[in-house]
Structures are given as structure tokens and as C-alpha cells.
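# Analysis of the macromolecular model
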Amino acid sequence: MTFKLRAGIIGTGFMGSVHAHAVRAAGGEVSAVAGSSRASAEAAAPGLGARTAAESPEALIARDDVDVIHICTPNATHAELARKAIAAGKPVVCEKPLATSVEDAQELTDLADQAGVVTAVPFVYRFYPAVREARDRILRGDAGRLWLLHGSYLQDWLVGAEATNWRVDSKLGGASRAFGDIGVHWCDLMEFTTGHKITRLVARTSRAYDQRETGGQLSSVATEDGATLLFETDKGATGSLVVSQVSPGRKNRLWFSFDGTEASFSFNQERPDTLHVGRTESSSEIAVGPQTLTTPGGRRYAKLPPGHPQGYQDSFNAFVADVYAAVQGQEPEGLPTFRDGLRAALLTDALVTSAAQQSWVDVPSTDNPLELLKSSSAAERHKQ
Ligand SMILES: NC(=O)c1ccc[n+]([C@@H]2O[C@H](COP(=O)([O-])OP(=O)(O)OC[C@H]3O[C@@H](n4cnc5c(N)ncnc54)[C@H](O)[C@@H]3O)[C@@H](O)[C@H]2O)c1
């Protein structure tokens, strides 16, 4: 970093802390934090290493000692906060989902383009060295023709009707929970790693629990515990994805296998120190390290010798380092921006629509505004 960037972090929970660590690892500092109240910001500021607690998110955005805004609050608050940050002319790192509707995600993408500010959405799994190695090898042709793209993203933190969180409430989390929360990570990773784009999908959503406890009472749940999808891509592949937040024993098991006519590449986020390359004659488990990875992408992000796994926080640090490099005028390859957040909103909208209509649904491209204009949101379609 050529000069020390000063961050303002809105939201002091799990991700507020991950962002704060990453800011410091990138050579920046946390000037201020804001929470749902002044008191919560004051309570959290020392633990997050922040110099001060702001009165409100708006006061944080306006501060002269805040160069970059990090939005780490519940999903439904993202759009309004991101609008304010862009209006202040400041770079924004907005947690996924960028917005809970396609309209808001499109508007934010347009506003950011017009304002010319750097934007980013933490699709952090792009920053694992094994993923970059797989991507470079696939894009140079090692897999042959990719024809089958499959995987799953399984967690268990919502096992039990007593387990709950703001994400369960669609007013705070959005219409889709399991897919909107974690399925979008898998889809972003698949599209980023393979260069394929999902053009159409059919989905089913389901629940392990129809009621969950809130304030000591069981109440009905509208969002899904799990989703299953079939999809087709613009380059002629088909694929499937299973997403669940109620899979006992699975903590954060994002797994994929991208299968080509020559080789398959597979990765498990809970074992980030290896990349499996499958071949008919001989398969290999590549141990992640700066010497064992051979592609520019793999080497760029592998910092530690094999056997010293780089995990989630390391990858998040690499993501924020790239954001801060972009703020300082560099163009790091593969940075997920608001346009990628819009892409996730389009996929989520297609999933919700498909599950409601029980039919295949086309997914518009973010590169084709006319196609986007023609598409109405899932919410609108459901009203019709
Ligand atoms: N990129 C990733 O890998 C990843 C991982 C987990 C969560 N997330 C995203 O990060 C965001 C935050 O998730 P989390 O797990 O940290 O949640 P959390 O519940 O741990 O923290 C949310 C924080 O936001 C604060 N808050 C709530 N309403 C607010 C408001 N109106 N103004 C200011 N602060 C407010 C709360 O006090 C809390 O500190 C979500 O959008 C989630 O989808 C991303």
C-alpha cells in the first residue's frame, strides 16, 4: 500500500471483526465503527481496534478520517447504506448480498459506475490459492471441455428449531435464505473459476423446520433451509448444486467438482490446503504452497509452505488487500465488484421465481441491460 487507508466499518458482529482484521493486514487502519446504536459501537470499538465509535452509520460515512466504507450489517440495510456511501464519493466494500432485490442491486451498480468509485462485494472464496490454481489451469485448457459442474455448500448452524438469527426473517435477510446467504458464494465461485455463466435454472427450496423459536415462541418461517438446483451454462455445460444450513456435522463445507473431458478439478473449503486434480490415468492432490502451485494465480495468493493451511481469514485479508490496491489505482485481476453483486441478485431472483413457479427460469446477463430491463423481479412476478 502506498498510503495508509482509513476504514469505517458499519456493523460490529462476525463480519465486522473479519473486515477489521483484514483492513489491518492490508496495512490500513480502522478509524471508526458504527453499529445499530451508539452504545453498541462503543462497546465493540476496542475489540475491533477502532480509534472511535461513530454516532450513526451516516455520521461514520461523513467523517473526514474515513476513506473506505465497509458495510457489514444485515442484508436489508445494505442498499440504503451503500447509496449513502456512493453519494459521499467513497469506495465501498458491501457484504453480500449487495441488495435484497434486483432493482436495488442494479441501481447501486449504475450509481457506482456514474460516481466512478471502487466497489467490492466479498465473494471471498475467489481468494483461496487452490481456487486460483484451478481457475488458471481450467482457463488454459487443462480440463478439456467442461461439461459437468457440480457441488454443494452445506452448513449445520441452523440445526434445531431453537436455532435462529436475523437471516431467518425475510424482511431482514431477503426472500431467499440458504441460497441468498451461501448458494450465491458457490455460484460466484463456479462462474469465476470456469468462465461459464448460468443461463437457466430450475430449483426446489425446502425446510427442515416450518417453525423456529423467536423470543421464546415458535413462529412460522418463510425462508428456506435448503435448495437444490439444476442449471445450464452459456458454454453448453449442465450442473447441479445442493445448498443447506441444516446438514448436521457440516460446518462450512463448500465443495465443487468441475469435470471436463480431460480432467476434473475439485476443492473443499474445509480442506483448503489441497486441490484435487482427477485424471483417468493418475489423479493428484496438490499441496498448496508457493512452490507447489504452478500458475500465476495460485502463486500470487499462496503465501505459506505446504502443510500450513491458509483459510478463510487469510483469503479475506487477500480480498481486502486487492480492494485497497484498487482504491490506490491498481487493477487487481478477479476483484468481485458491485456488478458481481448484481449477478448474485439475478441468480437469487431466478431461484425464488423457479421455486415458486416450479419451472425452468432464464437468468439474464449483467452485460445486457436490455435483457435486464425486460426481466421483472421475482416479487413483481409473484404479484401478477
Ligand atoms: N462474505 C462472507 O463470506 C460473509 C460471511 C458471513 C456473513 N456475511 C454477510 O455479512 C453481513 C453481516 O453478517 P454477520 O454474520 O456479521 O451478522 P451479525 O449478526 O454477526 O452482525 C450484524 C451487525 O450489524 C449490526 N446492525 C444491525 N442493524 C444495523 C443497522 N441498521 N445499522 C448499523 N448496524 C446494524 C448489529 O448490531 C451487528 O453488529 C450479512 O450481510 C452477511 O450476509 C458475509
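Residues numbered from 1 in each chain as written. Predicted model: local features only at pLDDT ≥ 70, side-chain atom pairs only at ≥ 80, totals over all residues. Heavy atoms only, no water.

## Topic: the pattern of salt bridges
With the rule as written, the count across this model stands at 29 salt bridges. In this structure, the salt-bridge partner of Asp-67 is Arg-6, at a minimum N-O distance of 2.9 Å. Here the residue Asp-67 occupies a position in the loop between α3 (57-62) and β4 (68-71), and Arg-6 occupies one in strand β1 (residues 6-10), the gap between them amounting to 61 residues. Among the ionic pairs, Glu-29 bridges to Arg-51, the shortest N-O distance being 2.9 Å. (Salt bridge = Lys/Arg side-chain N within 4 Å of Asp/Glu carboxyl O. Helix = DSSP H or I, 4+ residues; strand = E, 2+ residues; numbered from the N terminus.)

## A look at the sheet that holds strand β8 (residues 198-206)
Ordered by their spatial adjacency, nine strands build an open sheet running β16-β15-β14-β13-β7-β12-β11-β8-β17, and the pairing between neighbours is mixed. Strands at the two margins of the open sheet, each flanked by one partner only, are β16 (284-287) and β17 (361-362). Two strands pair when backbone bridges link them, and strand β7 (residues 146-154) and strand β12 (residues 238-244) are joined in this way by seven bridges, in the parallel orientation. Its bridge partner being in β12, Leu-148 is matched across the sheet by Thr-238. (Pairing = 2+ DSSP bridges.)

## Quick look at the pairing of strand β2 (residues 29-34)
Two faces make up the sheet, and in a regular strand the side chains alternate between them. Counting buried residues in β2 gives five out of six residues, a clear majority hidden from the surface. In terms of strand pairing, β1 meets β2 through five bridges, oriented parallel. What sits directly across from Ala-7, in β2, is Val-30. Each parallel crossover has a hand, and for β1 linked through helix α1 (residues 14-25) to β2 it is right-handed. Here two bridges tie β2 to strand β3 (residues 52-53), and the two strands are oriented parallel to one another. Along β3, the bridge assignment pairs Ala-32 with Thr-52. (Buried < 20%, exposed > 50% of the residue type's maximum accessible area, 1.4 Å probe, protein only. Right-handed = clockwise from strand over helix to strand, strands pointing away.)

## Some points on the domain arrangement of the protein chain
If you check the domain split of the protein chain, you get domain 1 (6-124) and domain 2 (129-309). Taking only C-alpha atoms into account, the centre of domain 1 sits 26 Å from that of domain 2. Contact with domain 1, which involves nine residues of that partner, is made by ten residues of domain 2. Summed over both sides, the interface between domain 1 and domain 2 buries roughly 820 Å², with carbon and sulfur atoms accounting for 61% of that surface. Put simply, domain 1 and domain 2 have one salt bridge between them. Salt-bridge contacts for Lys-96 lead to Asp-181; the nearest nitrogen and oxygen are separated by 3.0 Å. (Domains from an automatic or database assignment. Contact = heavy atoms within 4.5 Å. Buried area = accessible area lost by both parts, 1.4 Å probe.)

## Here we look at the site of the ligand
Not every one of the 24 residues close to the ligand is listed here, only the nearest: Met-15, Asn-75, Lys-96, Trp-166 and Tyr-312. Between His-78 and the ligand, the recorded distance is 3.0 Å, taken from a side-chain N or O atom to an oxygen atom. In the model, an oxygen atom of the ligand is placed 2.8 Å from a nitrogen or oxygen of the Lys-96 main chain. Taken together, the elements giving at least two residues each to the shell around the ligand come down to α1 and α8 (178-194). (Near = heavy atom within 4 Å. Polar contact = N/O pair within 3.5 Å; in protein donor to acceptor, adjacent residues only side chain to side chain.)

## Looking at the sheet that holds β1
The strand order across the open sheet formed by six strands is β3-β2-β1-β4-β5-β6, and the pairing between neighbours is parallel. The open sheet terminates on both sides in strands that have one partner only, identified here as β3 and β6 (119-120). Examined bridge by bridge, strand β5 (residues 92-94) and β6 share two bridges and lie parallel to one another. Opposite Val-92, over in β6, you have Thr-119 as the bridge partner. Strand contacts of helix α4 (residues 78-87): β1, β4 and β5, with the helix running at about 180° to β4, the strand carrying the most contacts. (Axes fitted to C-alpha atoms, helices over the stretch in contact; angles between N-to-C directions.)

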